[in-house]
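So you can see what is in the structure, the chains are spelled out below.
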Amino acid sequence: MEACIYHQLKSQPLWLLLLVALGSLKVLCFSVILLKWVYVNFLRPAKNLKKYGSWALVTGPTDGIGKAFAFQLARKGLNLVLVGRNPDKLKDVSESIKAKYGQTQVKTVVVDFSGDLDEGVKKIKETIEGLDIGVLINNVGVSYPYARFFHEVDDKLLADLIKVNVEGTTKVTQAVLPGMVQRKRGAIVNIGSGAAIVIPSDPLYAVYAATKAYIDQFSRCLYVEYKKSGIDVQCQVPLYVATKMASIKRSSFFVPSTDGYARAALRWIGHEPRCTPYWPHSLLWGLLYSLPESIVDAWRLKFCIGIRKRGQLKDSRKKE
């Protein structure tokens, strides 16, 4: 039998044998990738976050993804330091968490990330002094009210985008990281965006996308710097989530609720330096990656121009 197969193969032209070999290799590589995707999304166990420390710090915890993160971390048994700008909302979230998870300790810090950031970071340092901060969720961020061309971005919006998204994440990390280095353990999660990584461009959201590209590179560099120190740094890359910032009210298969996203996100903490925790998002990423960039650019430009028109119409109605 083996001699017969060998004889048949020997009788085939070399180009055909090479083609079959390359095809088989391609199938093998695809199979490995598929099996790995199934494992990391459905089978790989989540890490015990309490091993990083007994406290977690979350920025932007009063709405959206940040609020969902706070509840999910409390569910895992971590105490919380919640950092946001609205004291009333911070109080409401804090009381809701304590009512649901009675053993959870919650501290709040009022910080306006678009205001006096140095003073805000000073308050964060004072609050976390002596606390075993094991997990940091850098979630705070702002985007455009709606899509607009770069020359239409006013100075206030431009300053807020850079100060909140870039400087805020950087300085909070700088405040929390020394304690992790001293304890030789910790996990830092920076919330990026598909606008900077999944698609080749995000026209009419240029500055927002650029700030999230900074978050991605910042995270990767810290991952390499501190991996041997026992600190896992990760940039999570969500696509659309049903939040106020995304102006999406209802969740769907490809657009998770904030709770759905946060549950998936916690399973990925401590693993890859960049990830898309909600698995249907990874399907969209694969689809977009397979298309020519020019096609994705053209689709995205048309899509964002539509958002801009609807936003302008809404503004004009408010003025009437």
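What counts as what
- Residues numbered from 1 in each chain as written.
- Predicted model: local features only at pLDDT ≥ 70, side-chain atom pairs only at ≥ 80, totals over all residues.
- Heavy atoms only, no water.
- UniProt positions renumbered as here; feature names shortened; annotations may be inferred.
- Helix = DSSP H or I, 4+ residues; strand = E, 2+ residues; numbered from the N terminus.
- Contact = heavy atoms within 4.5 Å.
- Areas by Shrake-Rupley, 256 points an atom, 1.4 Å probe, with all protein chains shown as cover.
- Lys, Arg positive; Asp, Glu negative; His and termini not counted.
- Charge placed at Lys NZ, Arg CZ, Asp CG, Glu CD.
- Pairing = 2+ DSSP bridges.
- Axes fitted to C-alpha atoms, helices over the stretch in contact; angles between N-to-C directions.
- Phe/Tyr/Trp six-rings, centres within 6.5 Å; stacked < 30°, edge-to-face > 60°.
- Buried < 20%, exposed > 50% of the residue type's maximum accessible area, 1.4 Å probe, protein only.
- Lys NZ or Arg CZ within 6 Å of the ring centre and 35° of its normal.

- An unreviewed UniProt entry annotates the chain as Very-long-chain 3-oxoacyl-CoA reductase 1 originating from Datura stramonium.
- What UniProt states about the chain under its Sequence similarities (unreviewed entry) heading is, verbatim, "Belongs to the short-chain dehydrogenases/reductases (SDR) family."

**A short note on the overall build of the chain**
Here's step 1: Helix and strand content of the chain: 11 helices and seven strands.
Here's step 2: Along the first, second and third principal axes, the C-alpha set of the chain runs to 80 × 55 × 35 Å.
Here's step 3: At a minimum sequence separation of 6, the contacts of the chain that also span at least 24 residues come to 75%.
Here's step 4: For the chain, the exposed surface amounts to about 17700 Å²; the carbon and sulfur share of it is 59%.
Here's step 5: Each charge class in the chain was averaged separately, 45 positive and 27 negative side chains, and the resulting centres sit 7 Å apart.

**Description of the sheet that holds strand 1 (residues 55–59)**
Here's step 1: Pairing within the open sheet is parallel, and its seven strands lie in the order 3-2-1-4-5-6-7. For this open sheet the edge positions go to strand 3 (106–110) and strand 7 (274–275), each flanked by a neighbour on one side alone.
Here's step 2: Summarising the sheet, strand 2 (residues 79–84) and strand 3 pair through five bridges and their orientation is parallel. When the bridges of strand 3 are listed, leucine 80 appears paired with valine 106.
Here's step 3: Sitting on the sheet, helix 5 (residues 117–128) touches strand 1, strand 2, strand 3 and strand 4 (133–138), and the angle it makes with strand 3 is about 160 degrees.
Here's step 4: This element, helix 8 (residues 206–226), spans strand 5 (186–191), strand 6 (231–236) and strand 7 of the sheet and lies at about 160 degrees to strand 6.

**A few points about the packing of aromatic side chains**
Here's step 1: The tally for this structure, following the rule as stated, stands at nine aromatic pairs.
Here's step 2: Measuring from centroid to centroid gives 5.6 Å for tryptophan 37 and phenylalanine 42, while their planes differ by 80 degrees, and the two rings are edge-to-face.
Here's step 3: For tryptophan 37, a relative accessible area of 24% corresponds to the partly exposed category.
Here's step 4: In this structure phenylalanine 42 comes out as partly exposed when scored by relative accessible area, which is 41%.
Here's step 5: Aromatic pair phenylalanine 42 and tryptophan 279: ring centres 5.4 Å apart, planes at 65 degrees, arrangement edge-to-face. Residue phenylalanine 42 is located in helix 2 (residues 14–43), and its partner tryptophan 279 is located in helix 10 (residues 279–290); the two are separated by 237 residues in the primary sequence.
Here's step 6: These aromatic residues form a ring-pair network of at least three members: Trp37, Phe42, Phe253, Phe254 and Trp279.
Here's step 7: A cation sits over an aromatic face here: arginine 44 above tryptophan 268, 4.9 Å from the ring centre.

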